[in-house]
Amino acid sequence: MYPLTSQKTAQENNGISVVHFDCGGCNGCDIEILATLTRIEDLKKLGITRVGDPSKANALVATGPVNHRNKEVLKSIYDRMQEPKLVFAVGTCACTGGLFHNCGNTLGGIDKVIPVDVYIPGCAVRPEQIIHAVNLAIKKLTQEGKPE
Amino acid sequence: MSNTQNISTFPFGPQDVLLPEPLKFQFYVDGDKIIKVDPTIGYVHRGLERAAELNDYRRNLYLCERICGICNVIHGQTYAGLIEKMTDTEIPERAQYLRSIWGELARLQSHLLWLGLFAEAVGNPQLFLDVWRDREIVLQLNEATNGHRIHLGTTLIGGAVKDIDESLAQKYFAELDKLRTRMDTWAVTMRKDPEFLAKTVDIGLLPKKDAVHSGAVGPVIRASGIPDDMRCNGYQAYGELDFEPITYDGCDVQSRVLVRLDETYQSIELIKRALKQMPTGPIAVKSEGFPEGEIVYRTEQPRGEVFYYGKGNGTIHLERLKIRTPTMPNIPPLLTMLTGDKKQNIPAIVHSIDPCISCTERITEIKEVA
Ligand code: SF4
């Protein structure tokens, strides 16, 4: 129904199928991720598609610091994803907790809950940064067959 | 609910392609009619008000800007306004104008973002791409202003960190005119396209009376015919900008689209007018002393009234900072809109209040485990 999202699985898409989850950042990075996704032509060349269903995805872009409630959701999304899994922590607060480090209900970066492959710092990150990082990850994936 | 045999339930969220942010609804439907809705929030709660008490009050400015990336500018301005009141700082007139200009630029960005997301939610992805392509103009203006696309960061307690010089002002005029012409090409789809209208007209009704009783704010209440807008209070430079709130009487999703669409045009006009009227002079003063006393400060965010309450005790730390953002009062009206409507209209109706969850999450319940 929505061309920006594909219904196919990661293998069928033959590249990276990205699912997006916001843990609780300020949205700044989320809107930049969306802005990235609007550059459809660039993404096609790199073989990146956005999917809605975590079980069809092999990459997760997550923003924001983890809290006690969304850590369960994040974990379940990660568990449902296909192997090999790639996780991108987008934004400073997803990397380390950032500005929210001393907030009462914040556990820290998303690596407190799931393993992260690529950290993209920046508050907010720029679309070019995201594309660059995903590109690096694809190279890594094809060289090693599997992320660390 | 006496007759429960036909009622089925299904969840919407917390992770869904249509929801940029985690929010969960449990829907109870009879056939395709919505009987009841239970919203759940708490997925993005951070405990930010507590951190605001621990931080130096000057640092909180950057924390408040990061309550929400979409309306960051006005959050920063509201916090600065609150502290300026608490420390009796009078900011220069030019700074008031600069704040209004950047506040309107933020509104423009936010409304364009929403118009795009809404187009996608009603199944018109090409429109989404068009709107977002034009939104880039605003982001590039942000970048030209202070080097950042999202977090503008021009607010300072006591004024502004940057000025708009002649060449930047010319750039604003040129780019905004370009934006306006481009907007005309797709705005007509939102106003006239029968396919678009079929998904918005007479959907998600919020009659005038309900809008008042459930405490709606912002474009939601203005789309129910009530001219409620904090900017009418004339804070910053709005008193001198000859400002009239935009209202529509349809009380449906389409009216909410039209209110926001007209407000984007209005914002362009307000920015241009403010740039022309802006007096010369200094852009900041030094704010002396520590915040003291209890103050309430309200401004108009793109989504409605934002309410800041601060309590200071003359030290570097605030005793209390309470923030109520516009999505919170718009949730009860949302439940009114959804109840009795059809299942297939859920995405359009949920989007019509422009929910911003990262703004809303100010409270959480802590359960003691024995
Ligand atoms: S890194 Fe900064 S811009 Fe990005 S979500 Fe976190 S606070 Fe917002």
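Quick caveat, the model's predicted, so the values are computed rather than measured.

A. Examining the interface of chain B and chain A more closely. Opposite the 48 residues of chain B that make contact, chain A presents 43 residues. Between chain B and chain A, roughly 3,500 Å² of surface is buried when both sides are summed, and carbon and sulfur atoms account for 60% of that area. Across the chain B-chain A interface, the total number found is six residue pairs in polar contact (both at pLDDT 80 or more). Element by element, the count of residues in the side of chain B that touches chain A is highest for helix α5 (residues 125-146) of chain B, at eight residues.

B. Just the nonpolar core, in detail. Ranked by size, the top nonpolar core spans 135 residues in total, and within it A:Phe88, B:Tyr79, B:Trp102, B:Tyr172 and B:Trp186 carry the most contacts. Take this core: its biggest share by element is 14 residues, from helix α4 (residues 93-121) of chain B. If we skip the residues at most four places from it in the chain, B:Tyr172 touches B:Ile101, B:Trp102, B:Leu105, B:Leu141, B:Thr145, B:Ile164, B:Ile271 and B:Leu275. Of all hydrophobic cores here, the second largest spans 22 residues; its members include A:Val51, A:Leu74, A:Ile77 and A:Ile114.

C. Spotlight on the sheet that holds strand β2 (residues 24-30) of chain B. All names here are of chain B. The strand order β1-β2-β3 describes an open sheet built from three strands, whose pairing is antiparallel. Looking at strand neighbours, the two that pair on one side only are β1 (7-12) and β3 (33-40), the edges of this open sheet. Averaged over all adjacent pairs, the angle separating strand axes in this sheet is 20 degrees, with direction ignored. Strand direction decides the pairing type here: β2 and β3, joined by seven bridges, are antiparallel. Looking at the pairing, Tyr 28 lines up with Lys 36 of β3.

D. Quick look at the pattern of salt bridges. All names here are of chain B. For the coordinates displayed, the defined rule picks out 31 salt bridges over all chains. Of the charged contacts in the structure, one is a salt bridge between Glu 49 and Arg 320, with a shortest N-O distance of 3.1 Å. In this pair, Glu 49 sits in helix α1 (residues 48-54) while Arg 320 sits in strand β8 (residues 318-324), placing the two residues 271 residues apart along the sequence. Of the residues examined, Glu 49 reaches a relative accessible area of 8% and is grouped as buried. Of the charged contacts in the structure, one is a salt bridge between Arg 231 and Asp 229, with a shortest N-O distance of 3.0 Å. What emerges from the salt-bridge pattern is a single network uniting Glu 104, Arg 107, Arg 222, Asp 229, Arg 231, Glu 263 and Glu 300.

E. Structural context of the packing of aromatic side chains. Scanning the entire structure with this criterion turns up six aromatic pairs over all chains. Pairing B:Phe128 with B:Trp132 gives two aromatic rings, centres 5.2 Å apart and planes at 45 degrees, and the pair type is tilted. With B:Phe128 and B:Trp132 both in helix α5 and four residues apart, this pair spans about one turn of that helix. With relative accessibility at 2%, the residue B:Trp132 sits in the buried group. Aromatic ring contacts, followed pair by pair, group B:Trp114, B:Phe118 and B:Phe196 into a single cluster. Over the ring of A:Tyr78 we find A:Lys85; its NZ or CZ atom is 4.6 Å from the centre of that ring.

F. The sheet that holds strand β6 (residues 292-301) of chain B, seen in detail. All names here are of chain B. If you walk across this open sheet you meet the three strands as β6-β7-β8, and the pairing is antiparallel. Only two strands of the sheet have a single neighbouring strand rather than two, namely β6 and β8. Ignoring which end each strand starts from, the neighbouring axes of this sheet average 10 degrees apart. In this sheet, strand β7 (residues 304-313) lies alongside β6 in antiparallel orientation, the contact comprising ten bridges. Each residue of the ladder has a partner; that of Val 296, found in β7, is Tyr 309. Packing of helix α3 (residues 72-86) onto the sheet brings it into contact with β6, β7 and β8, and relative to β6 it is tilted by some 150 degrees.

Analysis parameters
Residues numbered from 1 in each chain as written. Chains lettered and ligands numbered in written order. Predicted model: local features only at pLDDT ≥ 70, side-chain atom pairs only at ≥ 80, totals over all residues. Heavy atoms only, no water. Contact = heavy atoms within 4.5 Å. Buried area = accessible area lost by both parts, 1.4 Å probe. Polar contact = N/O pair within 3.5 Å; in protein donor to acceptor, adjacent residues only side chain to side chain. Helix = DSSP H or I, 4+ residues; strand = E, 2+ residues; numbered from the N terminus. Core = buried A, V, L, I, M, F, W, Y, C linked by side-chain atoms within 4.5 Å. Buried < 20%, exposed > 50% of the residue type's maximum accessible area, 1.4 Å probe, protein only. Pairing = 2+ DSSP bridges. Axes fitted to C-alpha atoms, helices over the stretch in contact; angles between N-to-C directions. Salt bridge = Lys/Arg side-chain N within 4 Å of Asp/Glu carboxyl O. Phe/Tyr/Trp six-rings, centres within 6.5 Å; stacked < 30°, edge-to-face > 60°. Lys NZ or Arg CZ within 6 Å of the ring centre and 35° of its normal.

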